[in-house]
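Remarks on the overall topology
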There are 2 protein chains.
Amino acid sequence: MDAHEHLKQAAHAAREASHILGRSLRPARDAALRAMADALRTSMREILDANAKDTGAFQGTKAFLDRLTLNEARVEAMAVGLEDVAALPDPLDRVLAEWTRPNGLRFQRIATPIGVIGMIYESRPNVGADASGLCLKSGNAVILRGGSDSVHSAAAINVALQRGLAAAGLPPACVQNAPTADRSYVAAMLAGAGLLDLIIPRGGKSLVERVQQEARVPVLAHAEGLCHTFVHAAADPDMARKIVANAKMRRTGICGATETLLVDRPIAASILPLLIADLRVLGCDFRADAASRAIVPELAVATEADFNTEWLDAVLSVAVVDGVEGALSHIARHGSEHTDAIVTQDEGAARQFLRGVDSAVALWNASTQFCDGGEFGFGAEIGIATGRIHARGPVGLEQLTTYRTLVFGTGQVRP
Amino acid sequence: MDAHEHLKQAAHAAREASHILGRSLRPARDAALRAMADALRTSMREILDANAKDTGAFQGTKAFLDRLTLNEARVEAMAVGLEDVAALPDPLDRVLAEWTRPNGLRFQRIATPIGVIGMIYESRPNVGADASGLCLKSGNAVILRGGSDSVHSAAAINVALQRGLAAAGLPPACVQNAPTADRSYVAAMLAGAGLLDLIIPRGGKSLVERVQQEARVPVLAHAEGLCHTFVHAAADPDMARKIVANAKMRRTGICGATETLLVDRPIAASILPLLIADLRVLGCDFRADAASRAIVPELAVATEADFNTEWLDAVLSVAVVDGVEGALSHIARHGSEHTDAIVTQDEGAARQFLRGVDSAVALWNASTQFCDGGEFGFGAEIGIATGRIHARGPVGLEQLTTYRTLVFGTGQVRP
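Note that the coordinates shown come from a computational prediction; the quantities given were computed from them, not determined experimentally. (Residues numbered from 1 in each chain as written. Chains lettered and ligands numbered in written order. Predicted model: local features only at pLDDT ≥ 70, side-chain atom pairs only at ≥ 80, totals over all residues.)

**Description of the interface of chain B and chain A**
Listed as interface residues are 58 residues of chain B and, on the opposing side, 58 residues of chain A. Put simply, the parts of the chain that give the side of chain B that touches chain A at least two residues each are α1 (3-23), α9 (205-214), α10 (237-249), α14 (347-356), β13 (361-366), α15 (373-376) and β16 (401-412) of chain B. Examining the composition of the side of chain B that touches chain A, we find that eleven residues originate from one element, β16 of chain B, more than from any other. Grouping the constituent residues of the side of chain B that touches chain A by class yields 25 nonpolar, 20 polar and 13 charged. With five bridges joining them, strand β16 (residues 401-412) of chain A and β13 of chain B adopt parallel strand pairing. By the bridge assignment, Thr405 of chain A is partnered in β13 of chain B with Val361 of chain B. (Contact = placed C-beta atoms within 7 Å. Helix = DSSP H or I, 4+ residues; strand = E, 2+ residues; numbered from the N terminus. Nonpolar A, V, L, I, M, F, W, Y, C, P; charged D, E, K, R; others polar. Pairing = 2+ DSSP bridges.)

And the structure:
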């Protein structure tokens, strides 16, 4: 069967399952999540065996091999993750708004599932289990297409999850796995208007950009997080040092890591050497503009391209800018509308920055690394979105719902 | 200049304008709306002359000619429409949610503009002015591509609106008009990922379906409104007669008009003849299933295709179904997830229906013709959406916004 035909059949089964899910109540979905967790545990042997096939065939770097590798603790963590999701509040049936019109009609906007979600992801096998849990909790059916490196692991995890669903009396088709990691299956998903309601890609920039450019289905994703931290003239120097060091170096590989430091001209000479020294101790390298190099001459020269680079590494672009407007115009030119922060004790400057920066997440006196569903209090996230509609920033359970409007009448007709 | 190159330039100008709009405050946008209204009035002569060129060249039906024709009253109505939008509440800067985390970080989710919207519409020239007003009020720049029949009217209206914007000190590029009604411009818009943030098509089913299938940009639209009214066994017969007559015949050409009547089997023999008689007096024709024809034999036979037909005319498909589940399964098979209603005095049945029907709008004891932004209390609408994400049902000012998250810290770093 070719990829398109398989997707069509999978999507039809998912649609049927989503109708049952959409009408289910919280206890049924939570029980299924717990049954899925149990099934992961009882399928431990099969999952680890499948994973051994993947790791045995793997030819990439040691870091990637580590991400691909499962062990008992990691499978147990997936199971606990599903139980944690079961314990989160129900994202469905929330009344989002309620109003009454002069003619007596009462309106209720309620949260409902989106329907059928396509999830495209790379290497880490746990993403499939996590995404399955979040979609199920929010009443959505999901079709997963993992990377070719983890094809056996993904299949074994899916078999276990479907066993859990069946045990709990929900259709196994709620959570389906692509039969192949072939690129043709991605192509079928991207063309799947009418079959899929939403695609969530998680992976490297090239994968996400391909999805964003080619999909004829709505997409929630971020291709990159080119995040800035702006140290304003009125910043508390100690706070700025603490925040910049954390924003850049806590973890350099996450999308909320700061990639560019912007320093306000009036304080550049005094604070930049301190910030650089802190970061250098932590192992950071620099690409700096002329004004920064006039203050700290040993910094490497930044090209224009460096300011457009998401390093995802211990490298920081550095520029001196003129006030909030200077920072905003740098960010508008180079940013990715992901996450940007200002450090200042001046509320007026902070408000001006928060209002002017058009990013999914804007912070005042906090590290950009807080851009994360867990840190937002969402309990879990399926990804981070930098598109303009439906959801911006961390995508948690709430963002996996949509709404519809119920209208309660007493016989009203329209004049 | 070819269509793609023009769109690129227009979209860049729109993007610049949208950044200014995004940072503007309500008084500036409302003043611009009033200036745009004034400019329509002072450009009355130019607009009517341009419209005369369109109507002079028009070769279609009388009904379409009427929709295309402008006169002083209609232009004045457009101006008043803009003033009405100015008076509506500000959809921007609303705090949609607010919470604090144990580490003291305070989160605020606020409503912001989407960015640059592409609007594709057919014949009625007023749609361009209405859409311009709603986009401006919600802080979005818009690029309009009207139908070929109204090309001169659309251009003259746009010139006036841009004059109003300039007089109010906002960039004329907030509201731009395609230089051509050529289909190549639509193609350029559909391919405009990264240039446009959202496309709203309004027009016939074939236009909207083309947009939905081909767009690589998010779309808010409805291709059709195949709406059902289900008269349940516990319906108040008088209420059912009033609602069904209104839902079908008040206006047959709008997307919220009922296209299919579903009658519960236990009351079919008693109520169907009354419903049919009422509708027949109003000039309605019927396509009925065998069970309905067993009760009212003179009804024309319905084919399966008839139940998939949005008549937009004085024709009604009729079927007898078995209870709420029968109605739900008919609607799932034939509906368009637009608007569906139940008439019943039984709250349990109503709840079962409202929960089970997966439409953007679901009504209990009210006419489906209430699916309208004005009737929802939105003040105005730019269209109705039956997609699954961002907005479902009438799209008003609120649905033309998105959100971002502001995070207020006191120096927090992530552990």
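The structure having been displayed, the exposition proceeds.
**Concerning the confidence of the model for chain A**
For chain A, per-residue confidence averages 96 on the pLDDT scale, and residues scoring 70 or more make up 100% of the total. Here the predicted complex scores 0.95 on pTM and 0.95 on ipTM. (pLDDT = per-residue confidence, 0-100.)

**Quick look at the sheet that holds strand β13 (residues 361-366) of chain A**
Sheet architecture is open: ten strands sit in the order β10(A)-β9(A)-β11(A)-β8(A)-β7(A)-β12(A)-β13(A)-β16(B)-β2(B)-β1(B), paired in mixed fashion. Unpaired on one side and paired on the other, β10 (300-301) of chain A together with β1 (95-100) of chain B mark the two borders of the sheet. Sitting on the sheet, helix α11 (residues 265-281) of chain A is in contact with β7 (227-231), β8 (258-264), β9 (285-288) and β11 (315-321) of chain A, with an inclination near 145 degrees to β8 of chain A. Packing of helix α14 (residues 347-356) of chain A onto the sheet brings it into contact with β7, β12 (339-343) and β13 of chain A together with β16 of chain B, and relative to β13 of chain A it is tilted by some 160 degrees. (Axes fitted to C-alpha atoms, helices over the stretch in contact; angles between N-to-C directions.)

**Notes on helix α7 (residues 151-167) of chain B**
All names here are of chain B. Between its first and last C-alpha, α7 extends 25 Å over 17 residues, near the 24 Å set by a 1.5 Å rise per residue. Buried residues dominate α7, accounting for 13 of its 17 residues. Following α7 by one or two positions, Gly169 adopts a phi angle in the positive range, close to 85 degrees. (Expected span 1.5 Å × (residues − 1). Buried ≥ 20, exposed ≤ 12 C-beta atoms within 10 Å, placed from the backbone.)

**Some words on the relation of the copies chain B and chain A**
You can overlay chain B on chain A at an RMSD of 0.0 Å; the transform is a turn of 180 degrees with a shift of 0.0 Å along its axis. Between the two chains, the operation in question is that of a two-fold axis. Proximity to the rotation axis, assessed at the C-alpha, singles out His390 of chain B in chain B; its C-alpha lies 2.0 Å from the axis. When you check the interface residues of chain B against chain A, 100% turn up at the interface there too, and the contact is symmetric in its surfaces. (Least-squares fit on C-alpha atoms with pLDDT ≥ 70 in both.)

**Quick look at the domain arrangement of chain A**
For an interface, size is often stated in terms of accessible area lost upon the parts coming together. Residues and elements named next belong to chain A. Taken as a whole, chain A is organised into domain 1 (3-221 + 389-407) and domain 2 (227-375). Centre-to-centre, using C-alpha coordinates, domain 1 lies 35 Å away from domain 2. Taken together, the contact pairs four residues of domain 1 with five residues of domain 2. Class assignment for the residues of the side of domain 1 that touches domain 2 results in one nonpolar, two polar and one charged. (Domains from an automatic or database assignment.)

**Considering the packing of α1 of chain B against helix α8 (residues 183-190) of chain B**
Residues and elements named next belong to chain B. Remark: α1 packs on α8, axes separated minimally by 8 Å, with the N-to-C direction vectors making an angle of 55 degrees. The pairing of α1 with α8 is recorded here as oblique in orientation. Our pair here, α1 against α8, has a crossing hand that is right-handed. Contacts from Ala3, His4 and Leu7 of α1 reach α8 at Ser184, Tyr185, Ala187, Ala188 and Met189. Among the residues making up the contact of α1 with α8, the classes are represented as six nonpolar, two polar and no charged. (Parallel < 35°, antiparallel > 145°, perpendicular 65-115°, else oblique. Left-handed = near helix turned anticlockwise from the far one by under 90°.)

**Focus: the sheet that holds strand β2 (residues 106-113) of chain A**
Here we have ten strands laid out as an open sheet, ordered β1(A)-β2(A)-β16(A)-β13(B)-β12(B)-β7(B)-β8(B)-β11(B)-β9(B)-β10(B), and mixed in their pairing. Each edge of the open sheet is held by one strand with a lone partner, namely β1 (95-100) of chain A together with β10 (300-301) of chain B. Pairing between β1 of chain A and β2 of chain A: five bridges, direction antiparallel. Bridge pairing in β2 of chain A links Val95 of chain A to Ile110 of chain A. On top of the sheet, α10 of chain B reaches β16 of chain A together with β7 (227-231), β8 (258-264), β11 (315-321), β12 (339-343) and β13 of chain B; it is set at about 170 degrees to β7 of chain B, its chief contact.

**Side note on the pairing of strand β4 (residues 141-145) of chain A**
All names here are of chain A. Of all five residues making up β4, five are buried, and the element is well covered by its neighbours. What you see with β4 is no split at all: Ala141, Ile143 and Arg145 on one side and Val142 and Leu144 on the other are buried throughout. With five bridges connecting them, strand β3 (residues 116-121) and β4 associate as parallel partners. Its bridge partner lying in β4, Ile120 is registered against Arg145. Relative to strand β5 (residues 175-177), β4 is paired through three bridges, and the arrangement is parallel.

**Side note on the environment of Arg265 of chain B**
Residue and element names in this part refer to chain B. Turning to its location among the elements, Arg265 is positioned in helix α11 (residues 265-281). What makes Arg265 partly exposed here is the crowd of 13 C-beta atoms within 10 Å. Apart from the residues within four sequence positions on either side, Arg265 is in contact with Val320, Val321 and Asp322.

**A few points about the pairing of β12 of chain B**
Residues and elements named next belong to chain B. Most of β12 sits out of view: five of its five residues are buried. Here β12 shows no split at all, with Thr339, Ala341 and Val343 on one side and Asp340 and Ile342 on the other all buried. In this sheet, β12 lies alongside β7 in parallel orientation, the contact comprising four bridges. Along β12, the bridge assignment pairs Val231 with Val343. One ladder, built from four bridges, connects β12 with β13; its direction is parallel. By the bridge assignment for β13, Thr339 is matched with Val361.

**What about the environment of Gly22 of chain B?**
Among the secondary structure elements, Gly22 of chain B is positioned in helix α1. Note on Gly22 of chain B: 18 C-beta atoms within 10 Å, which makes it partly exposed. With 114 residues separating them along the chain, Gly22 of chain B and Leu136 of chain B place their C-alpha atoms 9.8 Å apart. If we skip the residues at most four places from it in the chain, Gly22 of chain B touches Asp358 of chain A together with Thr112, Pro113 and Gly139 of chain B.

**Description of the environment of His390 of chain A**
Counting through the fold element by element, His390 of chain A comes out in the loop between β14 (383-385) and β15 (393-395). For His390 of chain A, a count of 22 C-beta atoms within 10 Å gives the class buried.

**Section: the packing of helix α3 (residues 44-57) of chain B against α7 of chain B**
Residue and element names in this part refer to chain B. Contact geometry of α3 with α7 gives a least axis separation of 7 Å together with a crossing angle of 165 degrees. The orientation of α3 relative to α7 falls into the category roughly antiparallel. Considering only the axes of α3 and α7, their crossing is right-handed. Contacts between α3 and α7 involve Glu46, Ile47, Ala50, Asn51, Lys53 and Asp54 from the former and Val151, His152, Ser153, Ala155, Ala156, Ile157 and Ala160 from the latter.

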